[in-house]
Each structure stands twice: as structure tokens, then as C-alpha cells.
Amino acid sequence: MSNFMIVVFALLGFSLIAGLFVYLTVLNAGRWRKKIETALLPIGFEVCHSKGEKAALAQRLLIVNPRHQGKRLLMHLYRRASPDGRYDLFVCDYRFAGASGKAWGGQWLLVCLVSRELDLPRFSIDSIPETAAILGKLFHGLSETFPMPGLERVKTGDAEHDERFRVYAASGQGKQVVPLFEGIATAGHARGGVNLDAQGDSLILSSIEMGADLVRHELDSQKLLGLIHVASSLFETVRH
């Protein structure tokens, strides 16, 4: 066989492998989208295709995982208005994006509540699953080693809460944030494994346990619905 034919067959084989990879990627993306929509569409969420709406929400998501300062590339976005029209709920999954705009890194699933009735200071509450000791050690190691850019650690005055949660606030806003955290904790919203980021008109929730599921490309609809419920009830707690 001539060298020319060897090169042709090699290129053909490479093209087939590349085509198969693209096909499997698209197939998996379709399956993942179906999992999300199976959980969300029956409870009134609608698919958001607007690039402007995605861009606006992506800007809000910069306060989530602030240790990573890159872009957030929204993959899928869903919206539902509250029955009284006082807020909008969004569910989205995203990946970090490099300067080229290409996605990379882990995938995150978030619940975001946006309301003109909110005017919140910048704060973040990190927590750990109560049943996962290894995650607790990793969590404490991460929080002690890598500071939160633009935020400072706030002591809540409750030793148990300070052990289970890390509360951060923008410089000089700790006195505003502690009462908010106390209200959140008293109402039962400060749960192990649920993280909250807030600023201005936005509350953004994520779940460490759901994040672990995403590594296996799995979605527990009950965990997602629980996070949506927490977001809705948080609105009544923090708007006063």
C-alpha cells in the first residue's frame, strides 16, 4: 500500500472518530436537557431562548463561585414567574468559559430568584452536607486556604453556625448581613449542602450534593424542586 493511501485511510479514520465524538456529545446534551425539562416544564417553567436574557443572568452569576473570575457560559435556561408577579425564578446550568468563549471545567446547576423588591447587600453563605465528613474537611480546607475575592469572613456569634457555615460579606457590610443570616437560619433555610449568594435584586442558590450528581451527569429532580422551594420561601425572609 502506498504512503498516499495510508495517509488517506488515516485521515478517514480520524474523521470517523471525530464525527462519532461530536455525535455522542450532541446525544448526551439532548439527554441532559430532557432530564431538566422533565423536572421543570410540568411545574410551569418555560425555556428561555433570548440571548439578552441569558447575558443578563450570566452577569448576575459572576457572584457565584467568586474564586473563579472567568465568564459563565449558560447552557440551558428556564424561567417561571411567581403567581403574584413579584419575582421571577430561573433555573440554569452553566460552565466556566475561557476568553475564547469556549466552555470548560465542571458543570453547575443553579436556582436564581430575581425581584425588584429586593435590595440586598453582597453576601455569601457556604455550607456543607451534614452527612459527609470528607466534604466537611475539604470545605474547611478550601475556605481557609483560598479567600473569597472582595468579601470578608463574618462571625455570626453562634459557635455551631460558625462551624457549619461560612458567611461572607462585602467590606463594611457585616452588620447588615448577620441579621439576614439569623433570619435565614431561624426559618430553616440555612441547610447543609445548600449555598447562597446574594446581591441587589438577586438570590442564587446551589447545592453541593447536586453538584456531586452532575459529575456523574445525573439529576435528582427532588433535590432540584427542594432548592426551588427554598428560593421561593427565602424571598419572604429577606425582603423585609
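Higher on the page you've got the structure.
Let me begin by describing the structure that accompanies this report. (Residues numbered from 1 in each chain as written. Predicted model: local features only at pLDDT ≥ 70, side-chain atom pairs only at ≥ 80, totals over all residues. Heavy atoms only, no water.)

## Here's the deal with the side chain of Asn195
Alright, step 1. Within the element layout of this structure, Asn195 appears in strand β8 (residues 194-200).
Alright, step 2. Within the local environment of Asn195, its side chain forms a polar contact with the backbone nitrogen of Ser127, the two atoms lying 2.8 Å apart.
Alright, step 3. The contacts of Asn195, once residues within four sequence positions are left out, are Ile125, Asp126, Ser127, Ile204, Leu205, Ser206 and Ile208. (Helix = DSSP H or I, 4+ residues; strand = E, 2+ residues; numbered from the N terminus. Polar contact = N/O pair within 3.5 Å; in protein donor to acceptor, adjacent residues only side chain to side chain. Contact = heavy atoms within 4.5 Å.)

## Comments concerning empty space enclosed by the protein
Alright, step 1. Evaluated as defined, the whole model comprises one cavity of 30 Å³ or more.
Alright, step 2. In this structure, the largest cavity occupies an estimated 70 Å³ of space.
Alright, step 3. Ile125, Phe165, Ile184, His189, Ala190, Arg191, Val194, Asn195, Leu196, Leu205 and Leu234 are the residues that line the largest cavity.
Alright, step 4. Top element by residues in the lining of the largest cavity is β8. It accounts for three residues.
Alright, step 5. Of the residues that constitute the lining of the largest cavity, the class distribution is eight nonpolar, two polar and one charged. (1 Å grid on protein atoms, 1.4 Å probe; cavity = no way out; pocket = protein on both sides within 12 Å on 5 of 7 lines; lining within 4 Å. Points joined across faces, edges and corners; volume = space filled by probe spheres on them. Nonpolar A, V, L, I, M, F, W, Y, C, P; charged D, E, K, R; others polar.)

## A closer look at the pairing of β8
Alright, step 1. Along β8, six of the seven residues are buried, which leaves the element largely enclosed by surrounding structure.
Alright, step 2. Bridge analysis of strand β5 (residues 120-127) against β8 gives four bridges, and the strand direction is antiparallel. Note that in β8 the partner of Ser124 across the bridge is Asp197.
Alright, step 3. Hairpin connection from β8 to strand β9 (residues 202-207): one residue lie between these consecutive antiparallel strands. (Buried < 20%, exposed > 50% of the residue type's maximum accessible area, 1.4 Å probe, protein only. Pairing = 2+ DSSP bridges.)

## A look at the nonpolar core
Alright, step 1. The biggest cluster of nonpolar side chains holds 42 residues, and the ones touching the most others in it are Leu203, Leu205 and Leu224.
Alright, step 2. Here this core gets eight residues from one element, more than from any other, and that element is helix α7 (residues 221-238).
Alright, step 3. The contact partners of Leu203, leaving out residues within four places of it in the chain, are Val111, Cys112, Leu113, Leu118, Leu120, Leu196, Asp197, Ala198, Leu234, Phe235 and Val238.
Alright, step 4. Counting 16 residues, the second largest nonpolar core, distinct from the first, contains Leu61, Val64, Leu77 and Phe96. (Core = buried A, V, L, I, M, F, W, Y, C linked by side-chain atoms within 4.5 Å.)

## Remarks on the state of the cysteines
What is meant by a disulfide is a covalent connection between two cysteines, made through their sulfur atoms.
Alright, step 1. Scanning the entire structure with this criterion turns up zero disulfides.
Alright, step 2. Left without a disulfide partner, Cys48 is nearest to the cysteine sulfur of Cys92, which lies 10.0 Å away.
Alright, step 3. Lacking any disulfide linkage, Cys92 is separated from the closest cysteine sulfur, that of Cys112, by 7.1 Å.
Alright, step 4. The buried category is assigned to Cys92, whose relative accessible area is 1%. (Disulfide = S-S within 2.5 Å.)

## A short note on the packing of aromatic side chains
Alright, step 1. Taken as a whole and assessed by the stated rule, the structure comprises three aromatic pairs.
Alright, step 2. With a centroid separation of 5.7 Å and an interplanar angle of 65 degrees, the aromatic rings of Phe165 and Phe181 are classed as edge-to-face. On the criterion of sequence distance, the pair formed by Phe165 in strand β7 (residues 165-170) and Phe181 in helix α5 (residues 174-186) is long-range, its members being 16 residues apart. Each of the two residues, Phe165 as well as Phe181, counts as buried. (Phe/Tyr/Trp six-rings, centres within 6.5 Å; stacked < 30°, edge-to-face > 60°.)

## So, the pattern of salt bridges
Alright, step 1. Following the criterion strictly, the structure yields eight salt bridges and no others.
Alright, step 2. One salt bridge in this structure joins Glu236 and Arg86, with 3.5 Å as the shortest N-O distance. Pair noted here: Glu236 is in helix α7 and Arg86 is in the loop between β2 (71-81) and β3 (88-97), with a separation of 150 residues, a long-range link.
Alright, step 3. Of the residues examined, Glu236 reaches a relative accessible area of 35% and is grouped as partly exposed.
Alright, step 4. The exposure class of Arg86 is partly exposed, given its relative accessible area of 24%.
Alright, step 5. One salt bridge connects Asp197 with Arg122, and the closest N-O pair in it is separated by 3.6 Å. Of this pair, Asp197 sits in strand β8 while Arg122 sits in strand β5, and the two are 75 residues apart along the sequence. (Salt bridge = Lys/Arg side-chain N within 4 Å of Asp/Glu carboxyl O.)

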